[in-house]
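Each chain is listed here by its residues.
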Amino acid sequence: MRITHAYLSLQLAYDNGGMAKTTVSSRYQITLPAEVRKVLGIRPGDELEVELIDGEIRLRIPRPPLERVLKRLQKEHGASLAALGKATGHDARRYVRQLRERDADG
């Protein structure tokens, strides 16, 4: 990889189209702006993937495979999930629709 331009500022774009700026420190560290951290749910200790694409630095939050997430949820919240499944008739969409209709009726 050959970098032909060095910049001391990065611009971070996020889904709502806004733009935030940060500056690289003398130790080559950046601070992610609070609004970016909040929107993306980034916490201290989280790892980010870094890519260089057409002269731009792209930071990405690595997401575990869905299967791993589901296994972890089952392991940590199995009893609660079973109770929730029973309460919703194992049809989350229908249950949410019913809640919305009930709230709309007041």
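Calculation rules
- Residues numbered from 1 in each chain as written.
- Predicted model: local features only at pLDDT ≥ 70, side-chain atom pairs only at ≥ 80, totals over all residues.
- Heavy atoms only, no water.
- Helix = DSSP H or I, 4+ residues; strand = E, 2+ residues; numbered from the N terminus.
- Buried < 20%, exposed > 50% of the residue type's maximum accessible area, 1.4 Å probe, protein only.
- Contact = heavy atoms within 4.5 Å.
- Areas by Shrake-Rupley, 256 points an atom, 1.4 Å probe, with all protein chains shown as cover.
- Salt bridge = Lys/Arg side-chain N within 4 Å of Asp/Glu carboxyl O.
- Expected span 1.5 Å × (residues − 1).

### A look at the overall build of the protein
Across its full length, the protein carries three helices and four strands. Taken from N to C terminus, the helices and strands of the protein fall in the order β-β-α-β-β-α-α. Here the protein, with 106 residues, has 12% of them falling under the buried criterion. Considering only intrachain contacts with a sequence separation of at least 6, the fraction spanning at least 24 residues in the protein is 11%. Counting only carbon and sulfur atoms, one obtains 51% of the accessible surface of the protein, whose full area is about 9,800 Å².

### Let's talk about the pattern of salt bridges
Using the criterion set out here, one finds five salt bridges in the structure. The salt bridge partner of Arg60 is Glu49, with a shortest N-O separation of 3.2 Å. Remark: Glu49 occurs in strand β3 (residues 49-53) and Arg60 occurs in strand β4 (residues 56-60); sequence separation between them is 11 residues. Classification of Glu49 as partly exposed rests on a relative accessible area of 34%. Here Arg94 and Asp91 are joined by a salt bridge, their closest N and O atoms 3.5 Å apart.

### Structural notes on helix α3 (residues 92-105)
Taking 1.5 Å as the rise per residue, α3 with 14 residues should run 20 Å; its terminal C-alpha atoms sit 20 Å apart, in good agreement. For α3, the tally of buried residues reaches only zero of 14 residues, placing the bulk of the element at the surface.

### Quick notes on unusual backbone geometry
We note that Tyr28 has phi near 60 degrees; this positive angle belongs to a residue other than glycine. One non-glycine residue, His90, adopts positive backbone phi at about 60 degrees. Looking at the element boundaries, His90 is found in the loop between α2 (66-88) and α3. We classify His90 as exposed; its relative accessible area is 67%.

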